[in-house]
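Secondary and tertiary structure notes
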Amino acid sequence: MTNATIAPDAHDHLTRFLLPRAGVRGVHVHLGETWRRIASSDSYPPVARALLGEAAVASALFTGHVKVDGRLSVQLRGEGALRTLFAECTAAGTLRGIARMADDAGDISGIDGLGAGALLAITIENPGIGSRDAARYQGLVPLDAADLSRAFEGYFIQSEQLPTRILLAAGEDAATGLMLQKLPADEGDDDGWDRASALFSTLGADELLATPGTELLHRLFHEESPQTVGGRRLAFACSCSRERVEAMMVSLGRDEAEAALIDGTAQVHCEFCGQAYEFDADALHALFTAKLSPMAAPPGLQ
């Protein structure tokens, strides 16, 4: 959450790398246009906006760390001024995200805006293979850290028992993140993780935002001979569709759907992308007379 000048990257991108001598793996994510598109969905207060950027980066970072064939989402929810942070990244590299504030809430100071008893969830949804049902895995932990970077570090230490370092940063025009994790096997020399972690600790949010990924990895880890092992483009995309909205209307029931008619038209707006879907009375009537069976709604805020 800084105002550093942003050094442009050629594309929104995820890069996976190894520090082989140290026995450490890592992921770097840069979001430019993708982050600006996510942020444009609403007029968020400044701190809430920055937290949403960090959550979006985190969702992408984690797809570079675990195998995801469908989508991975991060969600933080509580009962404070900030009610929900939600971001997801798909296996194809598409992202979307949203923040929800309490009614009439002002800005917040940080993730303590979620209030006491807040929860952090990371969910992986993979499509079924053949006749198998889709697989859904979720980890859920109490949120008890001072910022998102530390919250996610704590999550991975609890869930995987592996030393993990994460730094997230979001500005007006870009959001970025860097993640290090000790390889699960006893790889690397005896003090490899300590060396890598010490180098990581020299990095601040301003430098993370202002430095292109290739330059950053060389600046931090050149003595460890970092090796790039893969990457992919990232972009904004939303999975909403008229068919999904129709299914949602049917699931509400005829009375509630028709109660949404104002001057003869019911409008549904996607909170993620702003797309508007309109239904007149005849269109609603057709939905229910056709007796459409409800489709699964896109993963959202639960």
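For the structure itself, look to the data block above.
Residues numbered from 1 in each chain as written. Predicted model: local features only at pLDDT ≥ 70, side-chain atom pairs only at ≥ 80, totals over all residues. Heavy atoms only, no water.

To continue, consider the overall build of the chain. Each helix and strand counted, the chain has nine helices and 13 strands in total. For the C-alpha atoms alone, the extent of the chain along its principal axes is close to 70 × 50 × 40 Å. Out of the 302 residues in the chain, the part that is buried amounts to 47%. Approximately 14,500 Å² of the chain is accessible, and the part contributed by carbon and sulfur atoms is 49%. (Helix = DSSP H or I, 4+ residues; strand = E, 2+ residues; numbered from the N terminus. Buried < 20%, exposed > 50% of the residue type's maximum accessible area, 1.4 Å probe, protein only. Areas by Shrake-Rupley, 256 points an atom, 1.4 Å probe, with all protein chains shown as cover.)

Attention now goes to the environment of Gln275. By the element assignment, Gln275 lies in the loop between strand 12 (265–269) and strand 13 (276–280). Residue classification places Gln275 among the partly exposed residues on the basis of a relative accessible area of 40%. Spatially, the C-alpha atoms of Gln275 and Leu209 are 30 Å apart, while their sequence positions differ by 66 residues. Setting aside residues no more than four positions away along its own chain, Gln275 makes contact with Cys240, Val268, His269 and Cys270. (Contact = heavy atoms within 4.5 Å.)

So, on to the pattern of salt bridges. In this structure the tally under the stated criterion is 16 salt bridges. Its salt-bridge partner being Glu88, residue Arg96 comes within 2.8 Å of it at the nearest N-O pair. For the pair Arg96 and Glu88, a shared accessibility class is recorded, and that class is buried. For Arg219, the salt bridge is made with Glu207, and the minimal N-O distance between the two is 2.9 Å. (Salt bridge = Lys/Arg side-chain N within 4 Å of Asp/Glu carboxyl O.)

The final tally for this structure, using the stated rule, is four aromatic pairs. Following the ring pairs from residue to residue traces out a cluster consisting of Phe62, Phe152, Tyr155 and Phe156. (Phe/Tyr/Trp six-rings, centres within 6.5 Å; stacked < 30°, edge-to-face > 60°.)

We now examine the packing of helix 2 (residues 46–63) against helix 3 (residues 148–160). To describe two helices that pack against each other, one gives the angle between their axes and the distance between the axes. One way to put it is that helix 2 packs onto helix 3 with a least axis distance of 10 Å and a crossing angle of 30 degrees. Judged by the angle between their axes, helix 2 and helix 3 are roughly parallel. As for how helix 2 packs across helix 3, the hand of that crossing is right-handed. In this structure, helix 2 contributes Leu51, Glu54, Ala55, Ala58 and Phe62 to the contact, and helix 3 contributes Leu148, Phe152 and Phe156. Among the residues forming the contact of helix 2 with helix 3, the class breakdown is seven nonpolar, no polar and one charged. (Axes fitted to C-alpha atoms, helices over the stretch in contact; angles between N-to-C directions. Parallel < 35°, antiparallel > 145°, perpendicular 65-115°, else oblique. Left-handed = near helix turned anticlockwise from the far one by under 90°. Nonpolar A, V, L, I, M, F, W, Y, C, P; charged D, E, K, R; others polar.)

It is worth spelling out the pairing of strand 5 (residues 94–101) at this point. Judged from the seven bridges that link them, strand 4 (residues 82–90) and strand 5 form a sheet pairing that is antiparallel. Note on strand 5: the bridge partner recorded for Thr84 is Arg100. Joining the antiparallel neighbours strand 4 and strand 5 is a turn of three residues, in which Gly93 adopts a positive phi near 90 degrees. One ladder, built from two bridges, connects strand 5 with strand 11 (residues 235–236); its direction is parallel. Considered in strand 11, the bridge of Leu95 is made with Phe236. (Pairing = 2+ DSSP bridges.)

With respect to the element layout, Thr164 can be found in strand 8 (residues 164–170). We classify Thr164 as buried; its relative accessible area is 4%. A distance of 3.0 Å separates the side chain of Thr164 from the backbone oxygen of Leu162, its partner in a polar contact. A polar atom in the side chain of Thr164 sits 2.8 Å from the side chain of Gln181. (Polar contact = N/O pair within 3.5 Å; in protein donor to acceptor, adjacent residues only side chain to side chain.)

The next point concerns the sheet that holds strand 8. The strand order across the open sheet built from five strands is 8-9-2-1-10, with neighbouring strands paired in antiparallel fashion. A strand with exactly one partner marks an edge of an open sheet, and here the two such strands are strand 8 and strand 10 (227–233). Strand-to-strand twist in this sheet, taken as the mean axis angle between neighbours without regard to direction, amounts to 10 degrees. Both strand 1 (residues 13–19) and strand 2 (residues 24–31) contribute to a ladder of seven bridges, which runs antiparallel. Bridging across to strand 2, Phe17 finds its partner in Gly26. Each of strand 1, strand 2, strand 8 and strand 9 (175–182) is contacted by helix 4 (residues 192–201), which is oriented at about 15 degrees to strand 8, the strand it contacts most.

By size, the foremost hydrophobic cluster in this structure holds 55 residues, and its most contacted members are Val29, Leu61, Phe62, Leu148 and Phe152. The greatest single-element share of this core, amounting to 12 residues, is contributed by helix 2. In contact with Leu61, not counting residues within four places along its chain, are Val27, His28, Val29, Ile166, Leu168, Gly177, Leu178 and Met179. In this structure, Leu19, Ala169, Trp193 and Leu203 belong to the second largest nonpolar core, which totals 19 residues. (Core = buried A, V, L, I, M, F, W, Y, C linked by side-chain atoms within 4.5 Å.)

Now for the environment of Ala145. With respect to the helices, strands and loops of the structure, Ala145 is situated in the loop between strand 7 (135–142) and helix 3. Residue classification places Ala145 among the partly exposed residues on the basis of a relative accessible area of 25%. Placed 27 residues apart in sequence, Ala145 and Glu172 show a C-alpha to C-alpha distance of 24 Å. Residues within four places of Ala145 in sequence aside, it is in contact with Ile111, Arg150 and Ala151.

Just geometry here; none of it tells us what the structure is for.
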